[in-house]
Amino acid sequence: MISVLDEHGFAMSKKFGQNFLLPLSIREKIVSQMGTIEGRSIFEIGPGLGAITSVMLEKGAFVRAFEIDHGFAQILRSEAFADEERFSLVEGDALKTLFKETERPDLIVGNLPYNVGSLIIGDIIERGLLPERMVFTLQKEVVERMCAQEGGKEYSSFSVLSQLDYDVSYSFTIARTAFYPQPNVDSAVVVMKKKADSVIEKGEREKFFLLLRTLFSQRRKTIKNNLGRIIQDRDQLKEVLEKAGIDEKERAENLSLKDIVRLMRCY
Ligand code: SAM
C-alpha cells in the first residue's frame, strides 16, 4: 500500500486524518467483529485505499463506501474495485452524504479519522440511522469515552449518546505502529451492538438530546445550574429534580442513562 501511495504521489492529508492500517491480520480481526457479513449491506466510512473494504468484499459483503478524498475515490472507482459489482462509492464528506442515502445498511464500519470520528458517530445516532451493528477504529481515548460508565472521569455526554441505542464494548487495542504514517496516539476498536429494546420512544428523542446537551453543557456546574437553561422557573426545577429523585447538587457525570431518561420524563 505504501508503494501505491508513493506511486500516486499522495501526500497524506492531516486534515482528513489519513493513517492507513497495514497488517492484514488486524484488518481481518476488525472485520470479524462484524459477525457474518456474507450478503449483508455495509456502509464503510473513509475506505482510503480499501484496506478494510477488500477484506469485506472477499467475504461476500455488499459495500457502499463514503470517501472524501478525490484522489482515493478515483483509485477505488477506476482501479481497485472497478470490476467489483458488490462495491459502490459515494464521494464527499460522509457527515453530509451518509444522511442522503435512502437505503439503510445492516452494518456500518470505519477506521475513522480522529477529528471527525465522534462527530460522525454522534450524527448517526442523533439522526437515527441506527444499523444493527457498528464497528469503528478510533483513537483509544475516544473508545474509552464511549464505553465509560457514570462516575468515571472519561464519562461524558458522548458516553451516554453512544450507549443510548447500543451495547458498546472495547474490543481491542491497535498500536500506533500498525499505521502508515504512524500517528502519535494508539487506536482501539469499538463494537456497538443495537439493543433489542429501545430505552426511549421515537417521539422522545429530540427532548432527550436537548436534555443531554444541557446537562453536560458546563461540566463543573451542578445539574440544577445547567438545567436552569431549559427549566427557568425555579420552583418547577426543584419539583422536577425531587420527582426524579436527583439531588440538586449532583453533577451530570454521576447520572446514569437510566437517571437521565427518568429525569426527562419528569417535565
Ligand atoms: N480505511 C482506511 C484504512 O483503514 O487504512 C483509511 C483510514 S484513514 C484513518 C481515514 C479515511 O477517512 C481517509 O481515507 C480519509 O480520506 C477519509 N475521510 C476523512 N474525513 C472524511 C469524511 N468527512 N468523510 C468521508 N471520508 C473521510
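See the structure shown above.
Residues numbered from 1 in each chain as written. Predicted model: local features only at pLDDT ≥ 70, side-chain atom pairs only at ≥ 80, totals over all residues. Heavy atoms only, no water.

1. Looking at the overall build of the protein
Scanning the protein for helices and strands turns up 12 helices and nine strands. Taken over C-alpha atoms, the radius of gyration comes to 20 Å for the protein, in line with the 18 Å a tight globule of 267 residues would show. With the C-alpha coordinates aligned to their principal axes, the bounding extent of the protein is approximately 65 × 35 × 30 Å. With 267 residues in all, the protein has 49% of them scored as buried. Across the protein, contacts joining residues at least 24 apart in sequence account for 67% of those joining residues at least 6 apart. Put simply, the protein shows about 13300 Å² of open surface, and 45% of that area lies on carbon and sulfur atoms. Averaged over its 38 positive side-chain charges, the protein has a centre that lies 6 Å from the centre of its 40 negative ones. (Helix = DSSP H or I, 4+ residues; strand = E, 2+ residues; numbered from the N terminus. Rg over C-alpha atoms; globule rule 2.2 N^0.38 Å. Buried < 20%, exposed > 50% of the residue type's maximum accessible area, 1.4 Å probe, protein only. Contact = heavy atoms within 4.5 Å. Areas by Shrake-Rupley, 256 points an atom, 1.4 Å probe, with all protein chains shown as cover. Lys, Arg positive; Asp, Glu negative; His and termini not counted. Charge placed at Lys NZ, Arg CZ, Asp CG, Glu CD.)

2. Details of the sheet that holds strand 6 (residues 133-139)
The seven strands are arranged 4-3-2-5-6-9-7 in an open sheet whose pairing can be described as mixed. Of all strands in the sheet, those bounded by a partner on one side alone are strand 4 (87-91) and strand 7 (166-174). Pairs of neighbouring strands in the sheet enclose a mean axial angle of 20°, with direction left out of account. Both strand 3 (residues 62-67) and strand 4 contribute to a ladder of five bridges, which runs parallel. By the bridge assignment, Val-63 is partnered in strand 4 with Phe-87. Where helix 8 (residues 157-164) meets the sheet, it contacts strand 7 and strand 9 (187-194), and its direction lies at approximately 115° from that of strand 7. (Pairing = 2+ DSSP bridges. Axes fitted to C-alpha atoms, helices over the stretch in contact; angles between N-to-C directions.)

3. A look at unusual backbone geometry
Here the residue pair Tyr-180 and Pro-181 is connected by a cis peptide bond, since its omega of -15° sits within 30 degrees of zero. Position of Pro-181 among the secondary structure elements: in the loop between strand 8 (179-180) and strand 9. Here the phi dihedral of Leu-130 falls at roughly 45°; this positive angle occurs in a residue that is not glycine. Tracing the backbone through its elements, the reader meets Leu-130 in the loop between helix 6 (114-126) and strand 6.

4. Some details on the site of the ligand
Looking at the ligand, there are 22 residues lining it, with Gln-18, Gly-46, Glu-67, Asp-93 and Asn-111 nearest. Between the ligand and the protein, one listed contact pairs an oxygen atom with a backbone N or O atom of Leu-21 at 2.9 Å. A distance of 3.3 Å separates a nitrogen atom of the ligand from a polar backbone atom of Pro-47. Coverage of the ligand by the protein chains reaches 98% of its 600 Å² of free accessible surface. When residues of the shell around the ligand are traced back to their parent elements, those giving at least two are strand 1 (20-21), helix 3 (51-58) and strand 3. A breakdown of the residues in the shell around the ligand according to their chemical character gives 11 nonpolar, seven polar and four charged. (Near = heavy atom within 4 Å. Polar contact = N/O pair within 3.5 Å; in protein donor to acceptor, adjacent residues only side chain to side chain. Nonpolar A, V, L, I, M, F, W, Y, C, P; charged D, E, K, R; others polar.)

5. Some points on the packing of aromatic side chains
With the rule as written, the count across this model stands at five aromatic pairs. On the numbers, 4.8 Å between centres and 45° between planes, the contact of Phe-81 with Phe-87 is tilted. Comparing Phe-81 with Phe-87 shows no difference in burial state: the two are buried. Above the face of the Phe-172 ring, Lys-29 is positioned so that its terminal group lies 4.1 Å from the ring centre. The side chain of Arg-127 reaches across the aromatic face of Phe-99, ending 4.3 Å from its centre. (Phe/Tyr/Trp six-rings, centres within 6.5 Å; stacked < 30°, edge-to-face > 60°. Lys NZ or Arg CZ within 6 Å of the ring centre and 35° of its normal.)

6. Let's talk about the pattern of salt bridges
In total, this model carries 14 salt bridges according to the counting rule given. One salt bridge in this structure joins Arg-86 and Glu-84, with 3.8 Å as the shortest N-O distance. Note on Glu-84: relative accessible area 25%, which makes it partly exposed. Ionic pairing is found between Lys-140 and Glu-144, a salt bridge with its closest N-O pair at 3.9 Å. Taken together, the residues Lys-140 and Glu-144, both in helix 7 (residues 140-147) and four residues apart, mark about one turn of the helix. Note on Glu-144: relative accessible area 27%, which makes it partly exposed. Through salt bridges with shared partners, a single network forms among Arg-40, Asp-106 and Glu-132. (Salt bridge = Lys/Arg side-chain N within 4 Å of Asp/Glu carboxyl O.)

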